[in-house]
Amino acid sequence: MIAQFDVNTIWRRKFGQALQRRLPETLLFAPHGLQAPKGDRIEGAVPVTLPPGWASRTSSLAMPILAHRARAIARHRGGTIDMAIFSSFHYLPLARSMRGEAQLVYYCSDDYRGYAGWGGDAAIAREAELCRMASLSVFVSAALRNRAIAEYELDPATCIVAPNASEQRFTEALPKPAELAALPGPVFGTVGVFNDRIDFAFLERVANHPEVGSLALVGPLQDCPDGDGAIKRLRENPKVHWMGAKSHDEIHTWMAGMDVAVIPYAKTQLNHFCSPMRLWDHLAIGQPILATDACDQIARQSGVFVVRRGDELDQTISSVKTAAEGGRHPQLESWDDRVALLVPWIS
C-alpha cells in the first residue's frame, strides 16, 4: 500500500489522484489545522486534524498523530504502508519513524527555499536528509533536480524529473467567454494570481505593443509593491482588461479563450525553479505562448516564444501573432503520464 502525505495543494492533489487511479489502494492524506472549514474535503483523501504549526519547525509534535492515523487506516484496509511519499521536508520526523518499514520517496513539488519562512540553513539541511533517506527523489523541474544532486551529493540514478501536468478538459474546443469574445483581437492573456512573482512592466510593454489588440488579465490581484507604477498604468490602460478571479473548475474556458497565452514571470529564485501548471495547460490548449525567460522549465520548452532581452519583444510578438494565425496544436501531457514515470520504481 502507498501513502502520499499532503495533497493540500492543487498540484500535489492532481498527482496523488492520478496515482490513486493507477493504484486504487493508494492512501492520500490531507493534514489540516484545527480551524480548517468543516466542509472542506478533498476527493479521495483522508483528512487528518493536527495541532497548530504542524507544517513548521514544530512539525515533529504533529507527526506521531499522522503516523498513528496512517498506520491504523492501512491496518483497517488489511495491509501495511509499503511506500511513503513525502511532499516537503516538514515530514522529515515522519520519514525517520517509517524508515525500515516502508520505501521512502521524496516528491519535491516546488522550491521550498523560496517560501516565506521556509528557507535558511536548517530547512536546507532537513531537505538534504530527507533526500538521502529516500530511495527515490522526484523533482518537478530539472533545475530543482540538478541543484539537489550538486548540493546534497545525491546519486543521479535515484533522482528523476516529473513536471507538473494538465488535464483532458484543456484540450476541448470551447466557446469563448462573452467577456473575451467582445475584446478587440488578437487577445493576449495571462491567467493566474497577480503578485510579486509577476513582471508587470513586461505586461505593460505587451499591452502597449501595436500588434496586440487586447490584454486580458484573469485572476486576483494580491497586494504587492508597485514601485514603478506599472500596476497603476495597467489599470488605466484601455487595452488592458482585468477579469478578476475565476474558479479552477472553469479556468480552462478562460485560458482557451485567449489567442496568445502570456506567462510574465519576474526573475525570482522561486520562478526559476518552478514547474508552472499554466505552462502545461496552455500547451494542452495549443495556442502559442509568449513568456519571459525567468523560469528555467518554460525557457527550455520547445514551441514557447521566449523574450530573453528587451529588444527582442517586437520580433517575438510578430512571431507569436503569426503562429496564432496558423491554428492550434494541442500537446497534452497528463498527470497519468507523470505517474507512469514512477512505475519502474513502484511495481
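Structure report, in brief. (Residues numbered from 1 in each chain as written. Predicted model: local features only at pLDDT ≥ 70, side-chain atom pairs only at ≥ 80, totals over all residues. Heavy atoms only, no water.)

So, the packing of aromatic side chains
And then number 1: Using the criterion set out here, one finds 9 aromatic pairs in the structure.
And then number 2: On the numbers, 6.3 Å between centres and 80° between planes, the contact of Phe 89 with Tyr 112 is edge-to-face. Of the two residues, Phe 89 is situated in the loop between strand 4 (83–86) and helix 3 (92–98) and Tyr 112 in the loop between strand 5 (103–108) and helix 4 (121–133); the sequence distance between them amounts to 23 residues.
And then number 3: Joined through ring pairs, the aromatic side chains of Phe 5, Phe 29, Trp 54, Phe 86 and Tyr 91 make up one cluster.
And then number 4: Its end group placed over the ring of Trp 242, Arg 235 keeps NZ or CZ at 5.4 Å from the ring centre.
And then number 5: Here Arg 338 stacks its cationic end above the ring of Trp 280, 4.9 Å away from the centre of that ring. (Phe/Tyr/Trp six-rings, centres within 6.5 Å; stacked < 30°, edge-to-face > 60°. Helix = DSSP H or I, 4+ residues; strand = E, 2+ residues; numbered from the N terminus. Lys NZ or Arg CZ within 6 Å of the ring centre and 35° of its normal.)

So, the pairing of strand 2 (residues 27–32)
And then number 1: Across the 6 residues of strand 2, 6 count as buried, placing the element largely inside the fold.
And then number 2: Where burial is concerned, the two faces of strand 2 agree: the one with Leu 27, Phe 29 and Pro 31 and the one with Leu 28, Ala 30 and His 32 are both buried.
And then number 3: One ladder, built from 3 bridges, connects strand 1 (residues 2–5) with strand 2; its direction is parallel. In the sheet register, Ala 3 faces strand 2, and the bridge partner there is Leu 27.
And then number 4: For the crossover from strand 1 across helix 1 (residues 10–22) to strand 2, the handedness is right-handed. (Buried < 20%, exposed > 50% of the residue type's maximum accessible area, 1.4 Å probe, protein only. Pairing = 2+ DSSP bridges. Right-handed = clockwise from strand over helix to strand, strands pointing away.)

So, the nonpolar core
And then number 1: Ranked by size, the top nonpolar core spans 64 residues in total, and within it Phe 5, Phe 29, Leu 66, Phe 86, Leu 94 and Met 98 carry the most contacts.
And then number 2: Of all the elements, helix 2 (residues 59–76) adds the most residues to this core, at 7 residues.
And then number 3: In this view, Phe 29 contacts Ala 3, Gln 4, Phe 5, Asp 6, Val 7, Val 46, Val 48, Leu 66, Ala 70 and Ile 73; residues no more than four positions away in its chain are not counted.
And then number 4: One finds Phe 202, Val 212, Ala 230 and Val 240 within the second-largest nonpolar core, a separate group that totals 37 residues. (Core = buried A, V, L, I, M, F, W, Y, C linked by side-chain atoms within 4.5 Å. Contact = heavy atoms within 4.5 Å.)

Details of unusual backbone geometry
And then number 1: Geometrically, the link from Gly 185 to Pro 186 is a cis peptide bond, its omega value of -5° lying close to zero.
And then number 2: Secondary-structure assignment places Pro 186 in the loop between helix 6 (178–181) and strand 8 (187–191).
And then number 3: The backbone phi angle of Asp 6 is positive, close to 90°, even though this residue is not glycine.
And then number 4: With a relative accessible area of 5%, Asp 6 lands in the buried category.
And then number 5: Although it is not a glycine, Glu 153 adopts a positive phi angle of roughly 55°.
And then number 6: Within the element layout of this structure, Glu 153 appears in the loop between helix 5 (142–152) and strand 7 (159–161).

Considering the pairing of strand 4
And then number 1: Because side chains alternate across strand 4, one face comprises the buried residues Met 83 and Ile 85, and the other comprises Ala 84 and Phe 86, equally buried.
And then number 2: Relative to strand 4, strand 1 runs parallel, the two being bridged by 4 bridges. Across the sheet, the residue bridging to Phe 5 is Phe 86, located in strand 4.
And then number 3: Relative to strand 5, strand 4 is paired through 4 bridges, and the arrangement is parallel. Each bridged residue has a counterpart across the sheet, and for Ile 85 the counterpart in strand 5 is Val 105.

Notes on helix 13 (residues 313–325)
And then number 1: A rise of 1.5 Å per residue sets the reference length of helix 13, with its 13 residues, at 18 Å; its end C-alpha atoms lie 18 Å apart and thus fit the reference within 8%.
And then number 2: Every buried residue belonging to helix 13 is among Leu 313, Thr 316, Ile 317 and Val 320, and all of these are buried. Each buried residue of helix 13 lies within a common arc of 100° when the element is viewed along its axis, so the set occupies one face. Facing away from the buried side of helix 13, by more than 90 degrees, are the exposed residues Gln 315, Thr 322 and Glu 325.
And then number 3: In this structure, the buried side of helix 13 is in contact with strand 8, helix 7 (200–208), strand 11 (260–263), strand 12 (289–292) and strand 13 (304–307).
And then number 4: A positive backbone phi angle near 95° is found at Gly 327, which sits one or two residues after helix 13. (Expected span 1.5 Å × (residues − 1). Arc of directions from axis to C-beta.)

Considering the sheet that holds strand 13
Strand pairs in the sheet, formed through backbone hydrogen bonds, run parallel or antiparallel to each other.
And then number 1: Sheet architecture is open: 6 strands sit in the order 10-9-8-11-12-13, paired in parallel fashion. Unpaired on one side and paired on the other, strand 10 (240–244) and strand 13 mark the two borders of the sheet. When the angles between neighbouring strand axes are averaged without regard to direction, this sheet yields 25°.
And then number 2: Inspection of the sheet shows strand 12 paired to strand 13 by 4 bridges, in the parallel sense. The residue bridging Thr 292 from the neighbouring strand is Val 307, located in strand 13.
And then number 3: Packed on one face of the sheet, helix 7 meets strand 8, strand 9 (214–218), strand 10, strand 11, strand 12 and strand 13 and runs near 140° to strand 12.
And then number 4: Against the sheet, helix 13 engages strand 8, strand 11, strand 12 and strand 13, with an angle of about 165° to strand 13. (Axes fitted to C-alpha atoms, helices over the stretch in contact; angles between N-to-C directions.)

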